[in-house]
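The primary structure of each chain is shown beneath.
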Amino acid sequence: MKITGAKVIVCSPGRNFVTLKVHTDEGVYGLGDATLNGRELAVASYLDDHVVPLLVGRDPFDVEDCWQYLYKGAYWRRGPVTMTAIAAVDVALWDIKGKALGTPVYNLLGGRSRTGVLCYGHASGATLEETVDAVARYLDLGYRAVRAQCSVPGVPSAYGVGGAELGYEPATRGLPSEDAWSTEEYLRFVPRLFERLRGEFGFDVALLHDAHHRLTPIEAGWLGRRLEDCRLFWLEDPVPAELQDSFRLIREHTTTPLAVGEVFNSLYDCQQLITEQLIDYVRATVVHAGGITHLRKIAALAEPYHVRTGCHGATDLSPVSMAAALHFDLSVHNFGIQEYMRHSADTDAVFPHAYRFADGYLHPGEGPGLGVDIDEHLAQRHPYVPAYLPVARRLDGTVHSW
Ligand code: KDG
Ligand code: MG
């Protein structure tokens, strides 16, 4: 089998997505997601101008060799644009191989390690009461794990609140908005939120929270310790993770489990965090961390250190990524949990998929390959629209991590 060409499809069914469709001489094609929120066209160009010409004539079964060729062959290594582009090719090749062999991708990854993929949904509210109601709604739908975010008094645009039904859609059309931020107000409020949620729902539901890179290590240590009695499943992204060492300080102060890594794009971004056991969950994803091939290596490194996976799964990861994540999650031994933010009806129509939710678990389906497709005709009706993530500023106007 030979690759005959590949097409980059940019569309915006409710939000922007970049999709790579790789064609072969046997008529089988594979899909990969190449969406990098707010920087979509950079990856589209990287693929169109610099990667697609290199694919023609290659054997799509040589997944590892293709990965190494694109990674080492570019000379310029790592970075979100490069690794997202490589991921799109990698995932498309796994899809082709599964389709050609007539088996789901998880069977190519060692087979099933479990019967379903535990997932968490996103509850949020403008007030504490609204957040309580939102968590109750997820429990009614059968979720066993829920992330809770809430507007903070004095900081109405706190991360993770509103913007979509059963989810949270942070990118807005046009130039970036600017959100006000106060760490002091946030730290005062979050313990109240989780004490209330535990009081209301008890301890049978797993509760998660995303601090979204906003704290310093000592603030994060304080918050983690303060939340210990609430027994969070995890506290996510307490600090920006460029400085992996900073997690040591957090660890010294709290036993609240820590999750990090949705912005990571290679094993080297989490090597120290894993081998020094500074985190409990690694959130690297197929789309931004070099595809299934590279993510499996991150999981393999993590397994002996008791670090489990908790892949990013926000709506800026297309259904192609969600499908790929589920095959990975089902197969990898040290799986922890999968984030699941439902896509809009428009997105689901453009990307028909086999995966389904039942009783708090996701299932990738039994069909060959990834079990997801793209309706190109429909995609054309949703052209790209410039959209960006917000920028955060502290109350005195200083730029802060969003
Ligand atoms: O593109 C950025 C979003 O995917 C991110 O802000 C969502 O933090 C996020 C999460 O945990 O889903
Ligand atoms: Mg996050």
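Note that the structure is a prediction, hence the values are computed from the model and not measured. Here the residue numbers are simple positions, counted from 1 along each chain's written sequence. Written order determines the labels here, with chains lettered from A and ligands numbered from 1. Totals for whole chains, interfaces and linings use all residues, but because this is a predicted model, local features are given only for residues with pLDDT of at least 70 and pairs of side-chain atoms are given and counted only at 80 or more. Here the side-chain values reflect all heavy atoms present in the structure, with hydrogen atoms and water set aside.

Some details on the pattern of salt bridges
So, point 1. A carboxyl oxygen of Asp or Glu within 4 Å of a side-chain nitrogen of Lys or Arg is what we treat as a salt bridge. A full pass over the atoms with the stated rule returns 19 salt bridges.
So, point 2. A salt bridge links Arg78 to Asp269; the nearest nitrogen and oxygen atoms lie 3.3 Å apart. Within this pair, whereas Arg78 is found in the loop between helix 2 (63-73) and helix 3 (80-101), its partner Asp269 is found in the loop between strand 12 (258-260) and helix 9 (271-275), the two being separated by 191 residues in sequence.
So, point 3. In this structure, the salt-bridge partner of Arg226 is Glu195, at a minimum N-O distance of 2.8 Å. By the criteria applied, helices consist of DSSP H or I runs no shorter than four residues and strands consist of E runs no shorter than two, each listed in order from the N terminus.

Looking at the site of ligand 1
So, point 1. Note on terminology: near, applied to a residue and a molecule or strand, indicates that one of the residue's heavy atoms is within 4 Å of it. As a structural note, the neighbourhood of ligand 1 is formed by 15 residues, with Asn37, His212, Glu262, Asp316 and Glu339 the closest of them.
So, point 2. Contact between ligand 1 and Asp316: an oxygen atom at 2.7 Å from a side-chain N or O atom of the residue.
So, point 3. Polar contacts here mean pairs of N or O atoms no more than 3.5 Å apart (in protein, one a potential hydrogen donor and the other a potential acceptor; neighbouring residues in sequence count only if both atoms are side-chain atoms). Taking Glu339, its side chain carries an N or O atom lying 2.4 Å from an oxygen atom of ligand 1.
So, point 4. Summarising the interface, the protein chains cover 94% of the accessible area of ligand 1, which totals 330 Å² for the free molecule. Each accessible area is a Shrake-Rupley result for a 1.4 Å probe, and residues are judged covered by the shown protein chains and nothing else.

What to know about the packing of helix 2 against helix 10 (residues 291-302)
Helix-helix packing is characterised by the crossing angle of the two axes and by the distance between the axes.
So, point 1. Lines are fitted to the C-alpha atoms to define the axes, a helix being fitted only along its stretch in contact, and any angle between axes, read from their N-to-C directions, falls within 0 to 180 degrees. Where helix 2 contacts helix 10, the two axes come as close as 9 Å, and the packing angle between them is 90 degrees. What the angle tells us is that helix 2 and helix 10 run roughly perpendicular. Side by side, helix 2 and helix 10 meet where Val63, Glu64, Trp67 and Gln68 of the first sit next to Thr293, His294 and Lys297 of the second. Oblique is the label for every angle not falling under 35 degrees (roughly parallel), over 145 degrees (roughly antiparallel), or within 65 to 115 degrees (roughly perpendicular). Contacts are residue-level and defined by heavy atoms, with any inter-residue pair within 4.5 Å sufficient.

With respect to the packing of aromatic side chains
So, point 1. The pairing test for Phe, Tyr and Trp rings, Trp by its six-membered ring, is centres within 6.5 Å, and the orientation test on the planes gives stacked under 30 degrees, edge-to-face over 60, and tilted for anything in between. Tallied over the entire structure, the rule returns twelve aromatic pairs.
So, point 2. With centroids separated by 6.2 Å and ring planes inclined at 20 degrees, the aromatic side chains of Tyr340 and Phe357 adopt a geometry described as stacked. Taken as a pair, Tyr340 in the loop between strand 15 (338-339) and helix 12 (345-350) and Phe357 in strand 16 (residues 356-358) lie far apart in primary sequence, 17 residues in all.
So, point 3. Through pairs of rings, three or more aromatic residues link up here, namely Tyr120, Phe233, Trp234 and Tyr281.

With respect to the domain arrangement of the protein
So, point 1. Domain extents, as shown, originate in an automatic or database domain assignment. What the domain assignment lists for the protein is domain 1 (3-103) and domain 2 (108-367).
So, point 2. Counting residues at the interface gives 33 residues for domain 1, matched by 33 residues for domain 2.
So, point 3. The term buried area means the drop in 1.4 Å probe accessible area that two parts suffer when joined, counted for both and summed. Counting the surface lost from both domain 1 and domain 2, the interface buries some 2,500 Å², and carbon and sulfur atoms represent 61% of this.
So, point 4. Counting the surface domain 1 buries against domain 2, the share from its top three residues, Pro13, Asp33 and Trp94, is 23%.
So, point 5. One can count three salt bridges joining domain 1 with domain 2.
So, point 6. Among the salt bridges present, the one from Glu169 reaches Arg15, with a minimum N-O distance of 3.1 Å.
So, point 7. The interface formed by domain 1 and domain 2 contains 14 residue pairs in polar contact (both at pLDDT 80 or more).
So, point 8. Where the side of domain 1 that touches domain 2 is concerned, the elements lending two or more residues are strand 2 (17-24), strand 3 (29-33), helix 2 and helix 3.
So, point 9. With eleven residues, helix 3 is the single largest residue contributor to the side of domain 1 that touches domain 2.
So, point 10. Each residue gets one of three labels, nonpolar for Ala, Val, Leu, Ile, Met, Phe, Trp, Tyr, Cys and Pro, charged for Asp, Glu, Lys and Arg, and polar for the others, Gly among them. In terms of residue class, the side of domain 1 that touches domain 2 is built from 16 nonpolar, eleven polar and six charged.

Some details on the sheet that holds strand 3
So, point 1. One requirement defines pairing of two strands: DSSP has to find at least two bridges between them. If you trace the three strands from one edge of the open sheet to the other, you get 1-2-3, paired in antiparallel fashion. The outermost strands of the open sheet, each flanked by one partner alone, are strand 1 (3-11) and strand 3. Looking at each pair of strands side by side, their axes are set apart by 20 degrees on average, direction ignored.
So, point 2. In the sheet, strand 2 pairs with strand 3 via five bridges, with the strands oriented antiparallel. Each residue of the ladder has a partner; that of His23, found in strand 3, is Tyr29.

Topic: helix 2
So, point 1. Each residue is assigned to one of three classes by its accessible area relative to the maximum for its type, calculated with a 1.4 Å probe on protein chains only: buried under 20%, partly exposed between the two thresholds, exposed over 50%. By the burial criterion, the buried members of helix 2 are Val63, Cys66, Trp67, Leu70 and Tyr71. Seen from one end, helix 2 has its buried residues packed into an arc of 125 degrees, which puts them on one side.
So, point 2. Within two residues after helix 2, Tyr75 carries a phi angle of roughly 70 degrees, on the positive side. Summarising the geometry, the arc corresponds to the directions from the helix axis toward the C-beta atoms.

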